[in-house]
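Coordinate analysis (summary)
Read off the chains here:
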There are 2 protein chains.
Amino acid sequence: MDNRAIGVFDSGLGGLTAVKQLMDLLPEEDIIYFGDTGRVPYGTRSKDTIIKYTIQDINFLKTFQIKMIVVACGTASTVALPVLQDRVDLPMVGVLSEAVTSAVRQTKNNKIGVVATPATIKSGAFERAIHAAAPQAQTYGKACPLFVPLVENGHFDTQVAELVAREYLEPLKEADIDTLIMGCTHYPLLNRVVGRIMGPQVTLVNVGEETAKYVKRYLTEQDMRAEPGKKGHYSYFVSDSVENFSHLGSMFLQREIGEMVNLVDIEKYECDSPRPLER
Amino acid sequence: MDNRAIGVFDSGLGGLTAVKQLMDLLPEEDIIYFGDTGRVPYGTRSKDTIIKYTIQDINFLKTFQIKMIVVACGTASTVALPVLQDRVDLPMVGVLSEAVTSAVRQTKNNKIGVVATPATIKSGAFERAIHAAAPQAQTYGKACPLFVPLVENGHFDTQVAELVAREYLEPLKEADIDTLIMGCTHYPLLNRVVGRIMGPQVTLVNVGEETAKYVKRYLTEQDMRAEPGKKGHYSYFVSDSVENFSHLGSMFLQREIGEMVNLVDIEKYECDSPRPLER
């Protein structure tokens, strides 16, 4: 038994969709969430910048009593996590591996699409992981740079969201995929519009949901679950406007966030140098 | 005569529209441009964050031999410049004052609209300046949070840009404005779509253009112009991906940027504390 909290971070609000899944699956766990709202979005930034930001996010979370870190940001998971995984003395899980496992298990025609931020797609991480798990699979990645700004501005199922999504998804429809990894934790808010465009024959795989399932399995196997029946406590930290976070965040989380949000000066946290590690 | 450069900064690429105007009006002047592409956008951030970023941008430009600073960012001009104006030992001009002067001069029905980032609109700075110059004027401000992401992703005159713009501009059309301040240096790229929606009876005032005219007038009056007939040199610095900047930046500038772009670690520059000054 282990009552330490689960630390979760994302570039902004998107990671809250993973937090929601964690709350549903593991109601007894404490969760500490950091949303780097002052530096969102990560997905259009360079690799060096993303690694530096990720190190600072991890160092911030490590100031608390935590037992595990969930990298609830597709960009940080694919761009920074492979570089940093062995350097952190806590279990860390990103949103890539479980989503890939789920997609490979569900596809019938071995044509798997991935929508994500430009940095994630450029990294090729999803495609590599899919090919490692299913060498016969064909992958189709598509960068969707406007999805995060749309979601962060409340465009979930609007005409604009539909128009932007149609443009991004057209090549994936043409490729006849039957499984689509929604490779960014912001994207569940676009499930309805993406599902409508892709049609019922395409299975959407949400990275946050798959990751939450993994966290439950991992903590159970390692005997690291919190006390049964205990009620989880939630703390939220952001690097910019607390008010915006409370408002929009409640939509992401589908519950009130209220007063529990605190402001962090994330640039105060250690980040080594801008080229932190040899790669 | 003064051959020192003009320093210009913006949160990203938008300020290049002001640089283009400076190049056209003052071809003999050297220009040093800093685009904070690693931290764009400023307009959705809090006041404290914007002030901190602005201080770092100014401190970076001051490492060069410059004679003047142009704050080519609507958000920094309205949110940070009023706080910092008296603390910098160089002439500094933002994009607000000249645009306001021009709008007040051109309006016939005294109904002036302002479109800008959420931070700029929230600051109320344009509205205050308009009322100070023309107490009888009615002002209509509208925050357009998706305009910068659209422009930074090449959506200048697309169906998506039109749809988003129609939604933002509807209340300004209803208010029967005859003059619209495009209060962000990214927005000239949206001139065509905004002009079409607002109709020919509405005059668009572009902040970069008005500011460039002011810089020419100021340098002339102060006898600080560069040597006549000299050919200006241009240097570009960014805080993230140099390649993206060269590509999209050339569109903003309507000329090749080529190899002259350098990467800066802007967070290394002094920013006092996160609450830098008493306000």
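Owing to the predicted nature of the structure, the values given are computational and were not obtained by experimental measurement. (Residues numbered from 1 in each chain as written. Chains lettered and ligands numbered in written order. Predicted model: local features only at pLDDT ≥ 70, side-chain atom pairs only at ≥ 80, totals over all residues. Heavy atoms only, no water.)

Considerations on the UniProt feature "active site" (unreviewed entry) in chain A
All names here are of chain A. The test is simple: UniProt positions are given in the numbering used here, feature names are shortened, and annotations may be inferred rather than shown by experiment. Computed over the protein atoms alone on a 1 Å grid, cavities are sets of points where a 1.4 Å probe fits but cannot get out and pockets are open sets with protein on both sides within 12 Å along at least five of seven lines; a residue lines them when it has an atom within 4 Å of a point. Using a 1.4 Å probe on the protein chains alone, a residue whose accessible area is under 20% of its type maximum counts as buried, one over 50% counts as exposed, and one in between counts as partly exposed. In what follows, residue pairs with any heavy atoms lying within 4.5 Å of each other are defined as contacts.
Per the UniProt annotation, the sites labelled "active site" (unreviewed entry) are C73 and C184. Across 112 residues, the annotated set stays spatially compact, with a maximum C-alpha separation of 6.4 Å. Within this annotated set, the second largest cavity is lined by C73 and C184. A residue is classified by how much of its surface remains accessible, and C73, at 3% relative accessible area, is buried. In this view, C73 contacts F9, D10, S11, Y42, V95 and T185; residues no more than four positions away in its chain are not counted.

Quick word on the pattern of salt bridges
For side chains of opposite charge, pairing can occur when their charged atoms come near one another. Rules: One side-chain nitrogen of Lys or Arg within 4 Å of one carboxyl oxygen of Asp or Glu is enough to make a salt bridge. Only DSSP runs of H or I with at least four residues qualify as helices, and only runs of E with at least two residues qualify as strands; both kinds are numbered from the N terminus onward.
Applying the stated rule across the entire model yields 32 salt bridges over all chains. Among the salt bridges present, the one from A:R217 reaches A:E98, with a minimum N-O distance of 3.1 Å. Here A:R217, found in helix α10 (residues 207-221), pairs with A:E98, found in helix α4 (residues 97-106); they are 119 residues apart in sequence, far enough to count as distant. Judged by its relative accessible area of 41%, A:R217 falls in the partly exposed class. Several salt bridges converge on common partners, so that one network encompasses A:K52, B:D265, B:E267 and B:K268.

Regarding the side chain of A:E152
As a reminder of what qualifies: When charges are counted, Lys and Arg contribute as positive and Asp and Glu as negative, whereas His and the chain ends are disregarded. Polar contacts, as used here, are pairs of N or O atoms within 3.5 Å; protein pairs need one atom able to donate a hydrogen and one able to accept it. Residues neighboring in sequence count only if both atoms are side-chain atoms.
Note that A:E152 resides in helix α7 (residues 147-152). Buried within the structure, A:E152 lacks any salt-bridge partner; B:R45 is the closest side chain of opposite charge, at an N-O distance of 8.1 Å. At 3.3 Å, the side chain of A:E152 forms a polar contact with the backbone nitrogen of A:L13. Here A:E152 is in contact with A:G12, A:L13, A:G14, A:V40, A:H186 and A:L248, once residues within four sequence places are set aside.

Some thoughts on the relation of the copies chain A and chain B
Threshold: Here the copies are superposed with least squares, the fitted atoms being C-alpha atoms of residues at a pLDDT of at least 70 in both.
Mapping chain A onto chain B calls for a screw motion: a turn of 180° about the axis and a shift of 0.0 Å along it, with 0.0 Å RMSD after fitting. On this basis, the relationship between the two copies can be described by a two-fold rotation axis.

A few points about the sheet that holds strand β9 (residues 234-238) of chain B
Residues and elements named next belong to chain B. Applied cut-off: Pairing between strands is defined by DSSP: at least two bridges between the two strands are required. To get an axis, a line is fitted to the C-alpha atoms, and for a helix only the part in contact is used. The angle between two axes follows their N-to-C directions and goes from 0 to 180 degrees.
Across the sheet, which stays open at both edges, the six strands sit in the order β4-β3-β1-β2-β9-β10 with parallel pairing between neighbours. The sheet is open, and its two borders are formed by β4 (92-93) and β10 (261-263), each paired with just one other strand. Note that β9 and β10 share three bridges and pair parallel. Among the inter-strand pairings, F237 is bridged to a residue of β10, identified as N262. Taken strand by strand, helix α10 (residues 207-221) contacts β1 (5-10), β3 (66-71) and β4, and its axis lies near 155° from that of β3.

Details of the confidence of the model for chain A
Worth spelling out the cut-off: As a per-residue measure, pLDDT reflects the predictor's confidence and takes values from 0 up to 100.
Averaged over every residue, the pLDDT of chain A is 92; the share at 70 or more is 96%. The ipTM value of the predicted complex is 0.78, and its pTM value is 0.83.

With respect to the packing of aromatic side chains
All names here are of chain A. The following threshold applies: Two rings belonging to Phe, Tyr or Trp (six-membered ring only in the last case) form a pair when the distance between their centres is within 6.5 Å. Interplanar angles under 30 degrees mark stacking, angles over 60 mark edge-to-face geometry, and anything in between is tilted.
One pass over the full model with this rule turns up 24 aromatic pairs over all chains. Ring centres of F34 and F60 lie 5.2 Å apart, and the angle between their planes is 55°; on these two criteria the pair is classed as tilted. Pair noted here: F34 is in strand β2 (residues 31-35) and F60 is in helix α2 (residues 47-61), with a separation of 26 residues, a long-range link. Each member of the pair, F34 as well as F60, carries the same accessibility label: buried. Considering the side-chain rings of F60 and F237, the 5.3 Å spacing of their centres and the 70° angle between planes classify their relative orientation as edge-to-face. On the criterion of sequence distance, the pair formed by F60 in helix α2 and F237 in strand β9 (residues 234-238) is long-range, its members being 177 residues apart. Accessibility expressed as a relative area gives 3% for F60, which makes it buried.

Section: the UniProt feature "binding site: substrate" (unreviewed entry) in chain A
Residue and element names in this part refer to chain A. In the UniProt entry, the feature "binding site: substrate" (unreviewed entry) is given for D10, S11, Y42, G43, T185 and H186. These annotated residues cover 177 residues of sequence, and their C-alpha atoms lie no more than 12.2 Å from one another, placing them together at a single site. If you take the residues mentioned a moment ago, the ones lining the second largest cavity come down to D10, S11, Y42, G43, T185 and H186. Turning to its location among the elements, S11 is positioned in the loop between β1 (5-10) and α1 (16-25). On the basis of relative accessibility, which here comes to 5%, the residue S11 falls in the buried class. Setting aside residues up to four positions removed in sequence, S11 forms contacts with G35, D36, T37, V40, Y42, C73 and H186. Counting through the fold element by element, G43 comes out in the loop between β2 and α2. Given a relative accessible area of 6%, G43 falls into the buried group. When residues no more than four places from it in sequence are discounted, the contact partners of G43 are T75, T117, P118 and A119.

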